[in-house]
Every structure is written in C-alpha cells, then in structure tokens.
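Listed below are the residues making up each chain.
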Amino acid sequence: MDTSSRMNPTILDGATIRADFPALKREVRKGVRLVYLDTTATSQKPVQVLETMDRYYRYHNANVHRGIHTLAEEATAQYEAARERIAEFIGASSAREIIFTRNATEALNLVTHSWGAANLVAGDRLVLSEMEHHSNLVPWQMLSSEKGLEIDIIPVSDQGMLDLSEFHSLLDKQPKAVSITHMSNVLGTVNPIAQMSAQARDAGAIMVVDGAQSAPHFPVDVQELGVDFFAFSAHKMCGPTGVGVLWGRAELLDAMPPFLGGGDMIKRVYLRNFDSNEIPYKFEAGTPPICEAIGFGAAVDYLCTLGMDEIWEHEQNLVTYALERLDEVPGIAVYGPKADRRGGVAAFTLDGVHAHDVAQVLDKYGVAVRAGHHCAMPLHERLKVVATVRASFYFYNTREDVDQLIDGLYRVKDLFG
Amino acid sequence: MDDMYREFILDHYKNPRYHGVLDPADISYEDDNPLCGDVIRIDLRVDEDNRVVESGFSGEGCAISQASASMLMEEIQGKTLDEIKKFTRDDILEMLGIELGPVRLKCAMLALKVLKVGAYGVQEWVEE
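Residues numbered from 1 in each chain as written. Chains lettered and ligands numbered in written order. Predicted model: local features only at pLDDT ≥ 70, side-chain atom pairs only at ≥ 80, totals over all residues.

### Some points on helix 2 (residues 63-76) of chain B
Residue and element names in this part refer to chain B.
Okay, so step 1: Here helix 2 spans 20 Å end to end across 14 residues, near enough to the 20 Å set by a 1.5 Å rise per residue.
Okay, so step 2: For helix 2, a buried count of 12 out of 14 residues is recorded, marking the element as mostly surrounded by other parts of the structure.
Okay, so step 3: Among the residues of helix 2, Ala-63, Ile-64, Ser-65, Gln-66, Ala-67, Ser-68, Ala-69, Ser-70, Met-71, Leu-72, Met-73 and Ile-76 are the ones counted as buried.
Okay, so step 4: Two residues or fewer past helix 2, Gly-78 is found with a positive phi of approximately 80°. (Helix = DSSP H or I, 4+ residues; strand = E, 2+ residues; numbered from the N terminus. Expected span 1.5 Å × (residues − 1). Buried ≥ 20, exposed ≤ 12 C-beta atoms within 10 Å, placed from the backbone.)

Here you go:
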C-alpha cells in the first residue's frame, strides 16, 4: 500500500476529491446541486475506476485463465493483480484466500452453502444479531430450515450496541458459527469484532463477518481481527456493481466442498464426476466478472491513495457534525450510538412525517437519502418504527452537504408542520 | 414532483376524512406495503342493497398512502359494492391528480387494493 502519497486529511473534503467523481458534479435538476448521502446503499465511482474498466474493455478484453494469446494473458494478469491488491488491502496472508463473488450477499451464501453444508448437522446452533442486514440473516435461516439448526440472536441495546453479556451467555450454548456485521448499515454501530471473534473461537465457533460497511470506511486487517470469513462488496467502496469478495482462511476453504459447479472450478472432469480445482478457483465457477474485479482493484488503489485512516477520520468528523446538526431539528429521533462508536451513517425519523415523504421532499432540494427499512426489518422492529430516513457519508461528502440536508429537513417541517 | 405535496393532498393527510375503525362492520380488510411500512385497514357498513352507508379507514404510512385512502373514502359514500369493483388505478391517479414514480405508485394504490379485496371478498379477489 502506498502511504507516501496520502493526502492531508483536511484536503479530503476539498474540491480535488469531488473532481474525481463525475456524478457528484451533476445537478439533480436545473440549478439544484446533488448532495449524495446514500453511499451506504452504493458509493459513487471515481474516474480512476471508470477509466480502468473502460481501458480493459477497449484494449485487453479476453477471457481469463488458460488463454494462450496476448489479450488473454493480459486479462488474466490484470484479474489476478486485482486479487493480489485486494488481499493486501484486508491483510490476507495470501491472494488464494480471496474469492471473487457477485457481491457480499453471495459471499455469505457461499459460506452457508459450502461451509454450512459440510460442517453443520441438525441441532447445531448459530449466533446472529438483531442488527443484521437481511443478507446475513436469510442465508442462515435457509440453511437452518434445511438442516434443523437453532438460531440465537444477540439483542441490540437502546444505545444501538450489541448486548455483549448476552453474547457471552449464548456462547455457553456452544454454537458452531457466529455471523455478525462489522458495521451496521442503519445504526452505523461498529462492533468489537476482534474481541467477539476471540471469544467465539474459545467457545469453538467460527467467526463470519459481514464487512460490506466496514471495508469501505476504515482499515480492516482480517488477521488482526482473528476472523474466519469476511464478506464485502466492491460497489460500496468506489468499485463497480457485480463483484464482491469472500475472504476465508485457506485451511477452511481447502476443506470446503465447491459452491457452484461449472468451468474454472474443476481440475479434471469425467462424464460422471469431477475433481475440484485449488482455491480460490474452486469457488469461481464460470467466467468471472473480469472487468468488475479489475475495477475493484482500481477502487482499492484509489482508497489507498487517500488513506483508509484519513477516510475514517474525515467520516468521523462529518458524522459528529451531522449528529450535532440533526439534534437541532425539532421532532427528530436519531437512532444509534454516539459519534465515537459509529461510522458515517445517521438513521432518523421526523415526528408526524413518514420516511418516504421526508426523502421525497429532500430529493426536491437535491439531497439523496434512503427511506425504508434498509434491508434490516428485524432491527426496525426493535426500534419500533416502520421506516427510517438514512443519510450516509463518505470521504467525498462535506459539511456543506450536511447543511443542505438540515435545510431540507426544515423545508419538510414547513410543508408538513 | 413539484406538485406531489399539493395543498389538498397534505390536507387529506393532516385531516383525514372517514378516519377510524368501525366495530362491528360488514366488511373489514387490512393490508400493508411491508417495504414502505404503509398499513391501511378499511371497514365498511352496507345496507341490504350492498350500498356503503358508513366507512372508515385506519392505519399509518406516508402522505400519499393516507391521503389516497382518505379521498377514496369520500368517493365511495353511497356507492354499491359492484360500483366499487369498477374503480381502477386510473381513477385513483385522477383523484390524486399527480404524477408518481413506481415506488410511490404502490403507496397510492394500497387503499384501493384493500378496498377491492374487501368488496370482492378475500377469496374471490384476483390481483389486477
């Protein structure tokens, strides 16, 4: 990782960064500047990523692996280089542990289908939490109903934190797997994964982490975290849609059965059976998202140029400011922990106004936020609200963006007051 | 979009007509849009000709879903169930008089869906 070219954090919110993002320069409608506060759903893309992908399709496009011709070698080299850079980005000990999937959801499904199928039997227990995204609930529920597993849930406190004493009690029941989000996509809560992972390990469980919201926003080192699987998506971190990663410990991946069957995942095929390929290819059936993976590599390069520490610091400053300003708005309820325990996400409700109406009026003023349950229905039940408005921040957002959000909220209040 | 929150829509949202639960009722039905969290229940009392003599809606949700329900309640007073079955999505759009994207369209149509399932009977209604 090149740290020498990291920019000063005060420059991170400057015009130089926004200039890299064509979408951020557009107007939503005439005279209305876009304030993009929906990065938690998907981030905008810098020209560095767009140009890398464009170059790939213009000059290097070929199918990867086994090609003898020049373009095939170039495509393979770029695809595998992206894998190497992503491995380095999350501190993996080897690029063999990086499996390209369609997204974080597919990465988690890979774990339940392959590891789960091979390692769990009826009556085994799993530990999930009340703040999970549906992508870290439903695959386990599907596995559970298929196998007859028991699911235990770590509750969320009124402060938006996981109840860790309850977690300890659940570990006494000797679960086989604990699968938890690194950072909540609604509350922004950053969970103490290293600590939880050590405790899960002591209890004999593997630790699976949904890193879709952490890898884009702060430095992640899977070895320091001591986890077993880590899933994340390119499109939430300046990369394209259509590609995600499952990182897993090589010894676990080696022992797992393949996920999908087809080309590339085999070493040898007979008419009635096959021998599996080595990892990571064992889990990459069919032509992979080549251009997208290469774009993912470029996104990781881009983030490293800014510096993940600097990105996190910038977002911390911004969310602290946002929480202060949101608190000024009469009739608002902001969910989740204090700024020092959360990433750049703020979910809230406005008294007497449905989240959809808030989002619709904000759009009129150029402010893009999300309204609904954000794929976390059980969490919204816990919060006792049907829907929240969610503003989320990235390194390309500024205090002016927060101010425009707040101004918009006052317009909402005027309209519905 | 500029017109979505017209005065009369906001007025129906803030001061809903025929709002409340009828107990007992001849027809009661409730449904929701789980993705948005809009919930609408409609209760009807009908006379021997199946004509609506009293109606009430309840629930919660966005301005569009609630205003649409309130306006629909006004529309159906004194109408027979057969007349209600003839209500279409265009009638609702005309009633609201605004343009809606696909997401908000679901909000606007929830009340009509609840009403028609109620009018047809849950078993007989088929999604249109």
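### Brief notes about the sheet that holds strand 3 (residues 52-60) of chain B
All names here are of chain B.
Okay, so step 1: Read across the sheet, three strands follow the order 1-2-3 without closing on themselves; strand pairing throughout is antiparallel. Unpaired on one side and paired on the other, strand 1 (27-33) and strand 3 mark the two borders of the sheet. For this sheet the average axis-to-axis angle between neighbouring strands, irrespective of direction, equals 15°.
Okay, so step 2: Bridge count between strand 2 (residues 38-46) and strand 3: eight bridges; the pairing is antiparallel. Bridging across to strand 3, Arg-41 finds its partner in Ser-58.
Okay, so step 3: Across the sheet, helix 2 is in contact with strand 2 and strand 3; its angle to strand 3 comes to roughly 175°. (Pairing = 2+ DSSP bridges. Axes fitted to C-alpha atoms, helices over the stretch in contact; angles between N-to-C directions. Contact = placed C-beta atoms within 7 Å.)

### A closer look at the interface of chain B and chain A
Interface size is often expressed as the accessible area that is lost when the parts come together.
Okay, so step 1: Each partner contributes residues to the interface: chain B has 11 residues there, and chain A has 11 residues.
Okay, so step 2: For the side of chain B that touches chain A, a count of residues per class yields nine nonpolar, two polar and no charged. (Nonpolar A, V, L, I, M, F, W, Y, C, P; charged D, E, K, R; others polar.)

### A word on unusual backbone geometry
Okay, so step 1: For the bond from A:Ile279 to A:Pro280, the omega torsion is 5°, close enough to zero to count as cis.
Okay, so step 2: The topology assignment puts A:Pro280 in the loop between strand 12 (274-276) and helix 11 (290-306).
Okay, so step 3: The omega angle of the peptide bond from B:Asp23 to B:Pro24 is 0°, so this bond is cis rather than trans.
Okay, so step 4: By the secondary structure assignment, B:Pro24 is in the loop between helix 1 (7-14) and strand 1.
Okay, so step 5: Notably, A:Asp264 is not glycine yet its phi reads approximately 75°, a positive angle.
Okay, so step 6: Residue position: A:Asp264 is located in the loop between helix 10 (250-255) and strand 11 (266-269).

### Description of the pairing of strand 11 of chain A
Residues and elements named next belong to chain A.
Okay, so step 1: Relative to strand 12, strand 11 runs antiparallel, the two sharing three bridges. The partner of Ile-266 across the bridge, within strand 12, is Ser-276.
Okay, so step 2: As consecutive antiparallel partners, strand 11 and strand 12 are separated by four residues.

### Looking at the sheet that holds strand 4 (residues 98-101) of chain A
All names here are of chain A.
Okay, so step 1: Spatial strand order, 4-10-9-8-7-5-6: seven strands in an open sheet with mixed pairing. Each edge of the sheet is formed by a strand with only one pairing partner; in this case those strands are strand 4 and strand 6 (150-154). On average, adjacent strands in this sheet sit at an angle of 20° to one another, irrespective of strand direction.
Okay, so step 2: The strands touched by helix 5 (residues 104-119) within the sheet are strand 4, strand 8 (206-210), strand 9 (229-233) and strand 10 (244-248), with strand 10 carrying the most contacts at an inclination of about 35°.

### Quick look at the confidence of the model for chain B
Okay, so step 1: Counting all residues, the mean pLDDT for chain B is 90, and 93% of those residues have values of 70 or more.
Okay, so step 2: Quick note on the complex model: pTM equals 0.92, ipTM equals 0.85. (pLDDT = per-residue confidence, 0-100.)

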